[in-house]
Amino acid sequence: VQLQASGGGLVQAGGSLRLSCAASGRTFSSYIMGWFRQAPGKEREFVAGIKWTCDYTYYADSVKGRFTISRDSAKNTVYLQMNSLKLEDTAVYYCASNIVPRGATPRLHYEYDYWGQGTQVTVSS
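Each chain has its residues counted from 1, following the order in which its sequence is written. Restriction of local features to residues with pLDDT of at least 70 applies here, the model being predicted, together with a cutoff of 80 or more for giving and counting side-chain atom pairs; totals for whole chains, interfaces and linings are based on all residues. Hydrogen atoms and water are omitted, and side-chain values are computed over all heavy atoms in the structure.

Caption draft 1: Fine view of the packing of aromatic side chains. Here a pair means two rings of Phe, Tyr or Trp (six-membered ring of Trp) with centres within 6.5 Å. Their orientation is stacked below 30 degrees between planes, edge-to-face above 60, and tilted elsewhere. Per the counting criterion, the structure on display carries eight aromatic pairs. An angle of 80° between the planes, with centres 5.7 Å apart, marks the rings of Phe36 and Phe46 as edge-to-face. Residue Phe36 is found in strand β4 (residues 31–38), and its partner Phe46 is found in strand β5 (residues 45–51); the two are separated by 10 residues along the sequence. Among the residues examined, Phe36 registers a relative accessible area of 0% and is labelled buried. Relative to Tyr58, the ring of Phe46 has its centre 5.1 Å away and its plane inclined at 15°; by these criteria the two rings are stacked. Here Tyr58 lies in strand β6 (residues 57–59) and Phe46 lies in strand β5, a separation of 12 residues in the sequence. Look at Tyr58 and you get buried, because its relative accessible area is 4%. Among the aromatic residues, ring-to-ring pairing joins Phe36, Phe46, Tyr56, Tyr58, Tyr94, Tyr112 and Trp115 into one connected group. Any Lys NZ or Arg CZ that is within 6 Å of a ring centre and within 35 degrees of that ring's normal is treated as a charge sitting over the ring. For Arg71, the ring lying beneath its charged end belongs to Trp52, and the centroid distance is 5.6 Å. Put simply, DSSP H or I for four residues or longer makes a helix, DSSP E for two residues or longer makes a strand, and each gets a number counted from the N terminus. A simple rule labels every residue: compare its accessible area, found with a 1.4 Å probe on the protein chains alone, to the largest value its type can have, and call it buried under 20%, exposed over 50%, or partly exposed in between.

So this is what it looks like as structure tokens:
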């Protein structure tokens, strides 16, 4: 599985960005796709996840109501729409995937086997 993240950039606080993660190399019917982020000096943290087959989504409390994860099956692409961005959202954002058991909602980075390269999101005041 290959993942390619894009869409990061510099945005003012309160603004919006949409990240994309293009997936290739395998069918994704059993996969979960997730977004993580890592700020300087901090651990990589879960942001949002989506189950490929049923569109079930789940979020970290810090982004709930502001970020939306979605997918386009035809394009094998997962998106992260980020609205009302805050300074503390500044980080390198990574997309990740893995096959998980039915009902699982992984939030820990070691629960994901496949990772894309990061894309920098910088929120300025």
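Caption draft 2: Quick look at the state of the cysteines. When the sulfur atoms of two cysteines come within 2.5 Å, that pair is taken as a disulfide. Counted under the stated rule, the structure contains one disulfide. Disulfide partner of Cys21: Cys95, at an S-S distance of 2.2 Å. For the disulfide bridge between Cys21 and Cys95, the dihedral angle about the S-S bond is near 65°, and by the sign convention the bridge is right-handed. With Cys21 in strand β3 (residues 17–24) and Cys95 in strand β9 (residues 91–99), the pair connects residues that are 74 residues apart, well separated along the chain. Free of any disulfide, Cys54 has its nearest neighbouring cysteine sulfur in Cys21, separated by 18 Å.

Caption draft 3: Highlighting the side chain of Asn98. Its location among the elements puts Asn98 in strand β9. Relative accessible area serves as the criterion here: at 10%, Asn98 is assigned to the buried category. Pairing of N or O atoms within 3.5 Å defines a polar contact, subject to two protein rules: one partner must be a possible hydrogen donor and the other a possible acceptor, and residues neighboring in sequence count only if both atoms are side-chain atoms. Here the side chain of Asn98 touches Glu111 through a polar contact of 2.9 Å, landing on its backbone oxygen.

Caption draft 4: The environment of Trp52, seen in detail. Note on placement: Trp52 falls in the loop between β5 and β6. Judged by relative accessible area, Trp52 falls into the buried class, the value being 8%. It is 21 Å that separates the C-alpha atoms of Trp52 and Arg66, two residues lying 14 residues apart in sequence.

Caption draft 5: Focus on the pattern of salt bridges. Should a side-chain nitrogen of Lys or Arg be within 4 Å of a carboxyl oxygen of Asp or Glu, the pair is scored as a salt bridge. Evaluated as defined, the whole model comprises five salt bridges. Glu45 serves as the salt-bridge partner of Arg37, at 2.6 Å between the closest nitrogen and oxygen. Residue class for Arg37 comes out buried when judged on its relative accessible area of 5%. Glu45 sits in the partly exposed class, given a relative accessible area of 36%.

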